[in-house]
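Structure assessment
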Amino acid sequence: MEEAKAKRRLSILCSHLRPLGASDSGHAPTHLISSRVSNSDSETENNKKNLHQNDCVFCKIIINESPSVKLYEDDMCLCILDRNPLSHGHSLIIPKSHFCSLEATPPSVVAAMCSKVPFISSAIMKATDSDSFNFVVNNGASAGQVIFHIHIHIIPRKAHDCLWPSESLRRRRLKLDQDVFKLVDSVREQLSASNNTKIGLTGN
């Protein structure tokens, strides 16, 4: 069991160091390959069950049933251009397994996605002659999530592009009043309860 876990960790690490399909010469692949999922252990089998949702546009892109413009792909995730971009080069990093929200996504998958942000965002900024970018996750309908397959937005920015209306709003200093202290206590209680639940489940 421990050997299988070690092999899985090594596989994930290798995919981060070199995109799947790269040649031995060190050059980037000249074309993107289709999505593949490793069968190394039971965790991957569980992810495999979550991989396809018939009504999910991202799942259809992953299995090549729907068109997209792919920028990057590996075992865990891929990066595509947003079909309705907020700026030139607006891209999405999506996991190959289907998870509807951030809290439903395993930490290992979140880590795999986030580990690609510096690498991919740097390439996008250079290609679009941008000097900045927004890293955005819309988690839930009220936060603007439209496709319920978790994904990260990388939105290239330039000075004075005034992309967000909120950037013109004046922010107010935090008031250290009863409402704030009540919020702090409530959040800490939730964190403590969540941590205790995890400890109980693992038996540690």
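Structure: see above.
For the structure given in this document, a descriptive report is provided here. (Residues numbered from 1 in each chain as written. Predicted model: local features only at pLDDT ≥ 70, side-chain atom pairs only at ≥ 80, totals over all residues. Heavy atoms only, no water.)

**Some details on the nonpolar core**
- Within the largest apolar cluster, 15 residues are counted, with the highest numbers of intra-cluster contacts made by Cys-79, Ile-93, Val-109, Met-113, Ile-120, Ile-152 and Ile-154.
- Elements supplying a minimum of two residues to this core: strand E2 (77-81), helix H4 (107-115), helix H5 (117-128) and strand E5 (152-157).
- Look past the residues within four positions of Ile-120 in its chain and what remains in contact with it is Tyr-72, Cys-79, Ile-93 and Ile-154.
- Counting residues in hydrophobic clusters, the runner-up holds nine residues, among them Cys-56, Cys-59, Leu-92 and Ile-94. (Core = buried A, V, L, I, M, F, W, Y, C linked by side-chain atoms within 4.5 Å. Buried < 20%, exposed > 50% of the residue type's maximum accessible area, 1.4 Å probe, protein only. Helix = DSSP H or I, 4+ residues; strand = E, 2+ residues; numbered from the N terminus. Contact = heavy atoms within 4.5 Å.)

**What to know about the packing of aromatic side chains**
- Within the structure shown, the criterion is met by one aromatic pair.
- Centroid distance Tyr-72 to Phe-119: 5.6 Å. Interplanar angle 80 degrees. Geometry classified as edge-to-face. Separated by 47 residues along the polypeptide, Tyr-72 in strand E1 (residues 70-73) and Phe-119 in helix H5 bring together distant segments of the chain.
- Given a relative accessible area of 8%, Tyr-72 falls into the buried group. (Phe/Tyr/Trp six-rings, centres within 6.5 Å; stacked < 30°, edge-to-face > 60°.)

**A short note on the side chain of Ser-130**
- Following the sequence through the fold, Ser-130 ends up in the loop between H5 and strand E4 (132-136).
- In this structure Ser-130 comes out as buried when scored by relative accessible area, which is 14%.

**As for the layout of surface pockets**
- In this model, the largest pocket occupies a volume close to 310 Å³.
- Along the wall of the largest pocket there are 18 residues; nearest its centre are Asp-82, Asn-84, Leu-92, Ile-147 and His-153.
- Breaking the lining of the largest pocket down by element, the ones donating at least two residues are helix H3 (57-62) and E2.
- Considering every element that reaches the lining of the largest pocket, the biggest residue donor is H3, with three residues. (1 Å grid on protein atoms, 1.4 Å probe; cavity = no way out; pocket = protein on both sides within 12 Å on 5 of 7 lines; lining within 4 Å. Points joined across faces, edges and corners; volume = space filled by probe spheres on them.)

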